Amino acid sequence: MQGFWARLPLRLLRILSTLVIAGVAVYLIVVRRASIEHALSRMGRAQPGWIAVAVAAELVSLVCYAALIRALLSLGPVRVPFRALFSLTVIGTAMINSVPGGQAVATVYWYEQLRRYSVQRSIAVWALLVATLVGVATLVLLAAIGYAIAGHGFASQARIPVLAVAAAILIAVLAGRRQFVPLTLRAIQRVSETECPSDQPVAANHLVLLFVLGLLNWLFDAAALFAALAAMGQTIPLRGVVVAYTLGQLASAIPILPGGGGTIEATMSAGLVVAGGAAAAVIAGVLLYRVVSAWGLVPLGWGLWLTLPNAHHTTSANGAAALP
């Protein structure tokens, strides 16, 4: 992965990204013009107090993800400043929501930046891999929570499989909480061949901590959606919001277009309408949520991208260094 960004055809990538985004925009304007205009007109009447709650919830969600990465990196000898991890979280979100194949690009960027901070290759790979696995697993757990209290409704046919998978995840976490971290880290270090195992002690419940942080990341992001809907005057039952939210996130798990290409918005909106929301207000609420959680972070993330590559001081277990 060394020199990836130097070899990446950024000009071609920008052109392709622009064409794709323009194509999607034209499609939405032509096919869904009336619905979009109605929803956008309603967004202007959103309640400022609930918008502030949505922004605060999204900020906490980003902090939880950065804390998750920090907990994963704590097994290595290098300490990356939390401010840098938070910045990388925002930059990664911007990439995911503005570049085709953004998830892969963001993962490579994360790896490159962790290596700039002198994080061991095995620790960097392990942290990114486990963060992805924890993200998927905790999203399934959140979906199970929604299905457990939702009863029948939107996509209720998936209730039993989701609950079964969630139960298996919980059993695996509780049974393997002492061995998962050492075994997976040792396996990746064996693949790397050149690095010695970490001397850092591994707490017995380190895996539980990772799952708590991963679940909090999703919960606060879902809270941002709930607040955005409340800002539009929608009082949809919490269980319906949770189910629609998790289905929207799962639908975007393999995105082709930037930000999922509308799959998140369409799935969430459909689920929320079935859960009892008014169509126009629901669409406006989902769009407001996406502004707070995704689109609004794009300019901020790319702005940070211009400055962060020049900040690569490291912090070891025996010393400290801060970002300039």
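Residues numbered from 1 in each chain as written. Predicted model: local features only at pLDDT ≥ 70, side-chain atom pairs only at ≥ 80, totals over all residues. Heavy atoms only, no water.

**Q** Sorry, what's going on with the packing of helix α12 (residues 263-274) against helix α13 (residues 279-295) here?
**A** The N-to-C vectors of α12 and α13 enclose an angle of 140°; their axes lie 9 Å apart at closest approach. Viewed along their axes, α12 and α13 adopt a mutual orientation that is oblique. Where α12 crosses over α13, the two elements pack in a sense that is right-handed. Touching Ile 264, Glu 265, Met 268, Ser 269, Leu 272 and Val 273 of α12 are Ala 279, Val 282, Ile 283, Val 286, Tyr 289, Arg 290 and Trp 295, all from α13. Here the residues of the contact of α12 with α13 sort into 10 nonpolar, one polar and two charged. (Axes fitted to C-alpha atoms, helices over the stretch in contact; angles between N-to-C directions. Helix = DSSP H or I, 4+ residues; strand = E, 2+ residues; numbered from the N terminus. Parallel < 35°, antiparallel > 145°, perpendicular 65-115°, else oblique. Left-handed = near helix turned anticlockwise from the far one by under 90°. Contact = heavy atoms within 4.5 Å. Nonpolar A, V, L, I, M, F, W, Y, C, P; charged D, E, K, R; others polar.)

**Q** Got a minute to help me understand the nonpolar core in this structure?
**A** One broad trend across soluble globular proteins is that nonpolar side chains are buried collectively. Formed by 48 residues in total, the largest nonpolar core has its most connected members in Leu 72, Leu 73, Leu 85, Leu 114, Val 119, Leu 210 and Phe 211. The element best represented in this core is helix α7 (residues 121-150), accounting for 14 residues. Ignoring anything within four residues of it in the chain, the contact list for Phe 211 reads Val 134, Ala 137, Thr 138, Leu 141, Ile 169 and Val 173. Ranked by size, the runner-up nonpolar core spans 28 residues in total, among them Ala 46, Leu 142, Ala 244 and Tyr 245. (Core = buried A, V, L, I, M, F, W, Y, C linked by side-chain atoms within 4.5 Å. Buried < 20%, exposed > 50% of the residue type's maximum accessible area, 1.4 Å probe, protein only.)

**Q** Explanation requested: the packing of helix α5 (residues 82-96) against helix α14 (residues 297-307) in the structure shown.
**A** Two quantities define a packed helix pair, namely the angle between the axes and the distance from one axis to the other. Contact geometry of α5 with α14 gives a least axis separation of 8 Å together with a crossing angle of 120°. Of the possible angle classes, the one that applies to α5 and α14 is oblique. Between α5 and α14 the crossing geometry is left-handed. On α14, the residues that touch Ser 87, Val 90, Ile 91, Thr 93, Ala 94 and Met 95 of α5 are Leu 297, Val 298, Leu 300, Gly 301, Trp 302, Leu 304 and Trp 305. Considering only residue class, the contact of α5 with α14 consists of 10 nonpolar, three polar and no charged.

**Q** Quick question: what am I supposed to make of the packing of aromatic side chains here?
**A** According to the stated counting rule, one finds four aromatic pairs in the structure shown. Seen from their ring centres, Tyr 65 and Trp 110 are 6.3 Å apart, and the 70° between their planes marks the pair as edge-to-face. Of this pair, Tyr 65 sits in helix α4 (residues 48-73) while Trp 110 sits in helix α6 (residues 102-116), and the two are 45 residues apart along the sequence. Given the relative accessible area of 24%, Tyr 65 is considered partly exposed. Residues Tyr 245 and Tyr 289 carry aromatic rings whose centres are separated by 6.4 Å and whose planes lie at 75° to one another, so their mutual orientation is edge-to-face. Here the residue Tyr 245 occupies a position in helix α11 (residues 238-251), and Tyr 289 occupies one in helix α13, the gap between them amounting to 44 residues. (Phe/Tyr/Trp six-rings, centres within 6.5 Å; stacked < 30°, edge-to-face > 60°.)

**Q** Help me understand the environment of Trp 305, please; the structure alone is not making it clear to me.
**A** You can see Trp 305 is positioned in helix α14. Since its relative accessible area comes to 24%, Trp 305 is described here as partly exposed. A C-alpha to C-alpha distance of 9.4 Å links Trp 305 and Gly 92, two positions 213 residues apart in sequence. Residues contacting Trp 305, with those up to four places away along its chain left out, are Ile 91, Met 95 and Tyr 109.

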